[in-house]
Amino acid sequence: MDTYIDSYVHEEDKELMRQAVDAERIKSALEEKKLFHVNYRTYNDGEIIYYQMKVVRIGSWSHSVSKDIVIGFRSIDEEVRSDMEQKALLQNALMQANRASKAKSVFLSNMSHDIRTPMNAIVGFTTLAITHINNKEQVEEYLKKIMTSGNHLLSLINDVLDMSRIESGKMHLDEKHCSLPEVLHGLRNILHADITAKQLELYIDAVDVFDEEILCDKLRLNQVLLNLLSNAVKYTPAGGIVSLRIVEKQSVDSGCANYEFHIKDTGIGMSREFVDHIFEPFERERNSTISGIQGTGLGMAITKNIVDMMGGTISVVSQ
């Protein structure tokens, strides 16, 4: 046993095994129970394998002078590694559940602020409109502000509903004929007001795009691109640049085309730690109370889920 331990047993388990095979210890342990075992690791040719040594008493020990035992060895490598894998999965699941629980708590805190802000504006401007009901110009200005706040509130609610549909598996793609140039033109129109207000430059261009007429879910494609571009606009200060470039890649499937959409901005960027969690629900690097930028923290999670449904991939590079 000394030779076996010196030659094969892992350095950290050698003392454990020397104690386990000590004759007096074996005798003492087997006086109380019929068997005992010890798990240890062997190390040979750079490979660690998990083993178990089991010691069993045989015959009657109560009246016998000689104490007979049987020692057996077996590999438990597969069992141990399977257990380790299961534990790692459970720990990961627990960590993710704790993260989700914490993120949801933060989300509810942020949402209470994000919803209250447009609601206060709606109530406040409605009161002002009633007070100045005979002043058409003032009432019209108040109604415009009420509409802006109402649209923002609606977008917050839509994000929550979309995430709920995704989590319940009720969101499906509805693929129909559409034109890529029309999608891009629509995005430019939607973003025009914000781009102008913040004095940004918006560049949209296509590189070697041969197939412009496609079958896809135009609503969801638009939602993905709008989520990404809106974030770019939202977090880019005045005078910055936001760009969208489409590249058509070769496809092995007949009748199908692969497209890459590159959204780039010169905005404030993200920390490396946040980039690792950007596609998780309810995650925001800064809450709206601190940053003054409103949102649910669901946009990127929704975007990721839609891209996955479309059989695509999404990644981010930032600093």
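All of these numbers come straight from a predicted model, not from anything done at the bench.

Conventions we followed
Residues numbered from 1 in each chain as written. Predicted model: local features only at pLDDT ≥ 70, side-chain atom pairs only at ≥ 80, totals over all residues. Heavy atoms only, no water. Axes fitted to C-alpha atoms, helices over the stretch in contact; angles between N-to-C directions. Helix = DSSP H or I, 4+ residues; strand = E, 2+ residues; numbered from the N terminus. Left-handed = near helix turned anticlockwise from the far one by under 90°. Contact = heavy atoms within 4.5 Å. Nonpolar A, V, L, I, M, F, W, Y, C, P; charged D, E, K, R; others polar. pLDDT = per-residue confidence, 0-100. Expected span 1.5 Å × (residues − 1). Buried < 20%, exposed > 50% of the residue type's maximum accessible area, 1.4 Å probe, protein only. Polar contact = N/O pair within 3.5 Å; in protein donor to acceptor, adjacent residues only side chain to side chain. Bend = angle between axes of the 7 residues up to and from the residue. Phe/Tyr/Trp six-rings, centres within 6.5 Å; stacked < 30°, edge-to-face > 60°. Salt bridge = Lys/Arg side-chain N within 4 Å of Asp/Glu carboxyl O.

Attention shifts here to the packing of helix 6 (residues 180–197) against helix 7 (residues 218–234). The interhelical angle for the contact between helix 6 and helix 7, taken along N-to-C directions, is 35°, at an axis separation of 10 Å. In this structure, the crossing between helix 6 and helix 7 has a hand that is right-handed. Note on element contacts: helix 7 touches helix 6 through Lys218, Leu221, Asn222, Leu225, Leu226, Leu229, Ser230 and Val233, opposite Leu180, Glu182, Val183, Leu187, Ile190, Leu191, Asp194 and Ile195. When grouped by side-chain class, the residues that make up the contact of helix 6 with helix 7 number eleven nonpolar, two polar and three charged.

In this section: the environment of Gly186. Residue position: Gly186 is located in helix 6. Each C-alpha atom of the pair Gly186 and Asn222 lies 8.6 Å from the other, and the pair is 36 residues apart in sequence.

This part takes up the confidence of the model for the protein. In the predicted model, the protein carries a mean pLDDT of 84, and 89% of its residues have values of at least 70. Of all the helices and strands in the protein, helix 9 (residues 288–291) carries the lowest mean pLDDT, 44, while strand 8 (residues 258–265) carries the highest, 94.

It is worth spelling out helix 7 at this point. In this model, helix 7 (17 residues) spans 23 Å end to end at C-alpha, consistent with the 24 Å of a helix rising 1.5 Å per residue. By the criterion of burial, helix 7 is predominantly enclosed, with twelve of the 17 residues buried. Along helix 7, the positions that sit buried rather than exposed are Arg220, Leu221, Asn222, Gln223, Val224, Leu225, Leu226, Asn227, Leu228, Leu229, Ala232 and Val233. For helix 7, the capping residue at the N-terminal end is Asp217, with a side-chain oxygen 3.2 Å from the backbone nitrogen of Leu219.

Next up on the list: the environment of Val183. For Val183, the location among the structural elements is in helix 6. Judged by its relative accessible area of 2%, Val183 falls in the buried class. Placed 35 residues apart in sequence, Val183 and Lys218 show a C-alpha to C-alpha distance of 7.5 Å. Not counting residues up to four positions away in its chain, the partners in contact with Val183 are Cys178, Lys218, Asn222 and Leu225.

The next subject is helix 6. An ideal rise of 1.5 Å per residue puts 26 Å on 18 residues; helix 6 measures up with 26 Å between its terminal C-alpha atoms. In helix 6, a bend of some 45° at Leu191 exceeds every other bend along the element. The set of residues buried in helix 6 consists of Leu180, Val183, Leu184, Leu187, Leu191 and Ile195. In the core, the buried residues of helix 6 are packed alongside strand 4 (176–179), strand 5 (201–207), strand 6 (213–216), helix 7, strand 7 (241–249) and strand 8. Positive backbone phi, approximately 55°, marks Gln199, located one or two places after helix 6.

Looking now at the environment of Met309. The topology assignment puts Met309 in helix 10 (residues 299–309). For Met309, a relative accessible area of 32% corresponds to the partly exposed category. Taking the C-alpha atoms as reference points, Met309 and Leu173, 136 residues apart in sequence, are found 7.6 Å from one another. Sequence-distant contacts of Met309, defined by excluding residues within four places in its chain, comprise Met171, His172 and Leu173.

Here we take up the packing of helix 7 against helix 10. Direction vectors running N to C along helix 7 and helix 10 enclose 145°, while the axes themselves pass 10 Å from each other. For the pair helix 7 and helix 10, the crossing hand works out as left-handed. Within the contact between the two elements, helix 7 uses Arg220, Gln223, Val224, Asn227, Leu228 and Asn231 and helix 10 uses Gly299, Met300, Ile302, Thr303, Ile306 and Val307. For the contact of helix 7 with helix 10, the residue count by class is six nonpolar, five polar and one charged.

On to the packing of aromatic side chains. Summed over the entire model, instances satisfying the criterion amount to five aromatic pairs. Put simply, the rings of Tyr4, Tyr8, Tyr40, Tyr51 and Phe73 touch in pairs and so form one group of aromatic residues.

So, on to the pattern of salt bridges. In total, this model carries ten salt bridges according to the counting rule given. Of the charged contacts, one joins Arg245 and Asp205 as a salt bridge, the two residues approaching to 3.1 Å between their closest N and O atoms. Here the residue Arg245 occupies a position in strand 7, and Asp205 occupies one in strand 5, the gap between them amounting to 40 residues. You can call Asp205 partly exposed: its relative accessible area is 28%. Several salt bridges share partner residues, and in doing so they unite Glu12, Asp13 and Arg41 into one network.

All right, on to unusual backbone geometry then. For Gln199, which is not a glycine, the phi torsion comes out positive at approximately 55°. Structurally, Gln199 can be placed in the loop between helix 6 and strand 5. On the basis of relative accessibility, which here comes to 60%, the residue Gln199 falls in the exposed class.

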